[in-house]
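Structure assessment
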Amino acid sequence: MRDRDYRRIADRIAADIASGRLGPGQRLPPQRTFARRHGIAASTAGRAYGELVRRGLVVGEVGRGTFVRAHAPAADGRPLVEPTGPATPVNLQLNYPSVPGQSELLAPALAPLLRPDVLTGALRPAAATGTAAAREAAAALLGIPDPGRVLFTGNARQAIAAALASLVRPGGRVGVEELTYPLVKEIAGRLGHTLVPLAMDAGGVRPDAVAAAHRGAPLSALYLQPTLHNPTSTTMSGARRAELTAVVTALRIPVVEDRIWSFLYDGYEGQEPFARHAPALTHLVDGLSKRVAPGLTVGLLVVPPERVDAVADAIRSGGWSAGRFALEAAVRWIGDGTVARLVAAKRADAARRQALVRRALAGTGVLRCDPRAYYAWWELPSPWRADTFAAAAAERGIAVTPGPAFAVDPGRAPDAVRLGLASAPEEELGRALVTLAGLAGGVAGSGPGRSG
């Protein structure tokens, strides 16, 4: 069929969208169904749908279908409904906490490092084992009795990669929560690992799901976020951790425990690191980017004693070693109380931002957020789809992360978005949340994703 024929089909669908016969969020028929109804080849239907995507009229969600975008452009290129909201973009995808006075707190410890005699040593390469002072400081920060188990990487993502690379061969299976940190999917892809989604409930990953997945084909490791899980902010209870410990111990499955956000929760009863429940199996990952600042990062790894050499080798071969200057700065910030002061300030900051979320989004969908967390998981009201809502929010200058970004199984992606609360100034965050609430609830002028 000639190009103009599939474009005519796309033009007819576009006209239905422009007239409102096809409303924002409405699902188009599957391509094969559309082809049968209209007596055309499936390939022609596919090209017509592709043309609609190219024009920005629809979005495709893998495993779910094709949906009309919110605020599809009219024939002259203008949106059918004018966007409303913040005049400047507000990025709720980024999530780097910063508090007033942070730079002033950090600067004094850096000043001594700039003396030529000290700087010479600080600019030398660092081994995966860091320095004795760095191991002592990190062990004190994390509450680890044996500093000899501590290793260092450039950032926490590299620590995750090093742990997994040391545990899992290419082609191996790694069990993860069914919603997981998106960069773990990238890490697994680069390492040649297969991620196995594990069912969750309100208490976190289900121990029976771990056992069932391992029976299907052995799991080489688990990657878990037991404390303030990203994106749902769920924290496992002590009882759930004990149940999970029994399963992984019986099956001898190593665990990579990501605790990058745990500093917001540490000290509360029942949420001790999983590493304390299963120390012989657990590789604990943490870092300083969230506690301190993203621009000068250090990844921390605490591993079983017999695995120190293997993980250090993985760090070296991956080129993931920490910078010596960052280690020296970290030792000073931990030792002089700067990290503790920043943690206290960021806990208070997160609590204020969570209060803004609860006020603005009350009664709109299902909101899942721990009052200590720097993010919120928002299950959208029907009939919104995650991608169409994210597109509508973007047209208002607000970036949110759609649920499919976190889903290991693309066919089971939730109609939810994650709101990162840490990066935007509080005033901008508050305005953005009000705009999003209006968008979700269909306030006049907000362009709801409804087809009625």
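In this text, all values refer to a predicted model and were calculated from it rather than measured experimentally.

The next subject is the overall build of the protein. Assigned secondary structure in the protein consists of 16 helices and 17 strands. Since a compact globule built from 452 residues should have a radius of gyration of about 22 Å, the 25 Å found for the protein is in line with a globular shape. Residue burial in the protein is summarised as follows: out of 452 residues, 52% are buried. When the accessible surface of the protein is totalled, it reaches about 18800 Å², and 54% of it is carbon and sulfur. Looking at charge distribution, the protein has the averaged site of its 53 positive side-chain charges lying 5 Å from that of its 39 negative ones.

What follows concerns the sheet that holds strand β17 (residues 416–420). The four strands lie next to each other as β13-β14-β17-β16, forming an open sheet whose pairing is antiparallel. Where the open sheet ends on each side, the last strands, each with one partner, are β13 (366–368) and β16 (401–402). Judged from the two bridges that link them, β16 and β17 form a sheet pairing that is antiparallel. Bridging across to β17, P402 finds its partner in V417.

Further remarks concern empty space enclosed by the protein. Tallying each qualifying case throughout the model produces two cavities of 30 Å³ or more. There is about 60 Å³ of room inside the largest cavity. In this structure, the largest cavity is lined by A134, A137, A138, L141, F152, L288, V298, L300, L327, A330, V331 and I334. Counting only elements with at least two residues in the lining of the largest cavity, the list comes to α6 (132–142) and α13 (324–335). Computed from the structure, the second largest cavity encloses a volume of approximately 40 Å³. Split by residue class, the lining of the second largest cavity holds four nonpolar, five polar and one charged.

Let's shift gears to the confidence of the model for the protein. With 90% of its residues at a pLDDT of at least 70, the protein reaches an overall mean of 87. Predicted confidence for residues 71–85 stays below pLDDT 50, and this span has 32 contacts to residues more than four positions away or in other chains. A low-confidence stretch, residues 443–452 stays under pLDDT 50, and its non-local contacts, those more than four residues away or across chains, total 32 contacts.

What follows deals with the nonpolar core. If you look at the biggest cluster of nonpolar residues, it comprises 70 residues, and the most contacted ones within it are L151, F152, W261, V292, V298, L301 and I315. Residue contacts for L301: discarding those within four places in its chain leaves R149, V150, L151, A159, A162, A163, H283, L284, V285, V311 and I315. Formed by 28 residues, the second largest nonpolar core is a distinct cluster that contains V90, A393, V417 and A440.

Quick look at the packing of helix α14 (residues 338–361) against helix α16 (residues 426–441) now. Put simply, α14 and α16 touch, their axes get as near as 9 Å, and they point 25° apart. In terms of axis orientation, α14 runs roughly parallel to α16. Crossing angle aside, the handedness with which α14 passes α16 is right-handed. Residue-level inspection shows D349, R352, R353, L356, V357, A360 and L361 of α14 in contact with α16, the latter providing E426, L429, G430, L433, V434 and A437.

What follows is about the sheet that holds strand β10 (residues 255–258). The strand order across the open sheet formed by seven strands is β4-β12-β11-β10-β9-β5-β6, and the pairing between neighbours is mixed. The strands lining the two open edges of the sheet, one partner per strand, are β4 (150–153) and β6 (194–198). Across the sheet, the mean angle separating the axes of adjacent strands is 25° when strand polarity is ignored. For strand β5 (residues 173–177) and β6, the ladder comprises five bridges, and the chain directions are parallel.

Looking now at unusual backbone geometry. With an omega dihedral of 5°, the bond running from S382 to P383 counts as a cis peptide bond. Examined against the element boundaries, P383 turns out to sit in the loop between β14 (375–379) and α15 (386–395). One non-glycine residue, L228, adopts positive backbone phi at about 50°. Along the chain, L228 turns up in the loop between β9 (221–224) and α10 (238–251). Non-glycine residue R252 carries a positive phi angle of around 55°.

The next subject is α6. Of the residues making up α6, those classed as buried are A134, A137, A138, A139 and L142. Packing partners of the buried residues in α6 comprise β4, α11 (274–277), β11 (282–287), β12 (299–302) and α13. In the segment just after α6, G143 is the residue with positive phi, at about 70°.

The subject of this paragraph is the pattern of salt bridges. All chains considered together, the criterion is met by 16 salt bridges. With a shortest N-O distance of 3.8 Å, R190 and E186 are connected by a salt bridge. With R190 and E186 both in helix α8 (residues 182–191), this residue pair falls four residues apart, about one helical turn. Judged by its relative accessible area of 43%, E186 is partly exposed. The residue D313 makes a salt bridge to R316 at a minimum N-O spacing of 2.2 Å.

Here is what the cut-offs are and how they apply
Per chain, residues are indexed from 1 in the order of the written sequence. Where totals are concerned, whole chains, interfaces and linings use all residues; where local detail is concerned, this predicted model gives features only for residues with pLDDT of at least 70, and gives and counts side-chain atom pairs only at 80 or more. For the side-chain quantities, the full set of heavy atoms in the structure was used; hydrogens and water were omitted. Every helix listed is a DSSP run of H or I at least four residues long, and every strand listed is a run of E at least two residues long, numbered separately from the N terminus. Radius of gyration here is computed from C-alpha atoms only, and the compact-globule reference equals 2.2 Å multiplied by the residue count raised to the power 0.38. Think of it in three bands: with a 1.4 Å probe and only protein chains considered, a residue is buried below 20% of the maximum accessible area for its type, exposed above 50%, and partly exposed in between. Residue burial considers only the protein chains on display, and all accessible areas are found by Shrake-Rupley using a 1.4 Å probe. His is not counted here, nor are the chain ends, while Lys and Arg score as positive and Asp and Glu score as negative. Taken as the charge location is NZ of Lys, CZ of Arg, CG of Asp or CD of Glu. Being paired, for any two strands, means DSSP has found at least two bridges between them. The definitions used throughout rest on a 1 Å grid laid over the protein atoms alone, on which a cavity is an enclosed set of points accommodating a 1.4 Å probe that cannot get out and a pocket is an open set flanked by protein within 12 Å on both sides along at least five of seven lines; lining residues are those having an atom within 4 Å of a point. Grid points are joined across faces, edges and corners, and a volume is the space filled by probe spheres set on the points. Throughout this entry, Asp, Glu, Lys and Arg are counted as charged residues, while Ala, Val, Leu, Ile, Met, Phe, Trp, Tyr, Cys and Pro are counted as nonpolar. The remaining residues, Gly among them, count as polar. What pLDDT conveys is the predictor's confidence in a given residue, as a value from 0 to 100. It only takes one pair of heavy atoms within 4.5 Å for two residues to be counted as in contact. The term nonpolar core refers to a set of buried residues drawn from Ala, Val, Leu, Ile, Met, Phe, Trp, Tyr and Cys, joined through side-chain atoms within 4.5 Å. Axis angles are defined between N-to-C directions and span 0 to 180 degrees, where every axis is a line fitted to C-alpha atoms and, for a helix, only to the segment in contact. Under this scheme an angle from 65 to 115 degrees is roughly perpendicular, one under 35 degrees roughly parallel, and one over 145 degrees roughly antiparallel; angles in between are oblique. Left-handed describes a crossing whose near helix is turned anticlockwise from the far helix through less than a right angle; right-handed describes the clockwise counterpart. By definition here, a salt bridge exists when the distance from a side-chain nitrogen of Lys or Arg to a carboxyl oxygen of Asp or Glu is within 4 Å.

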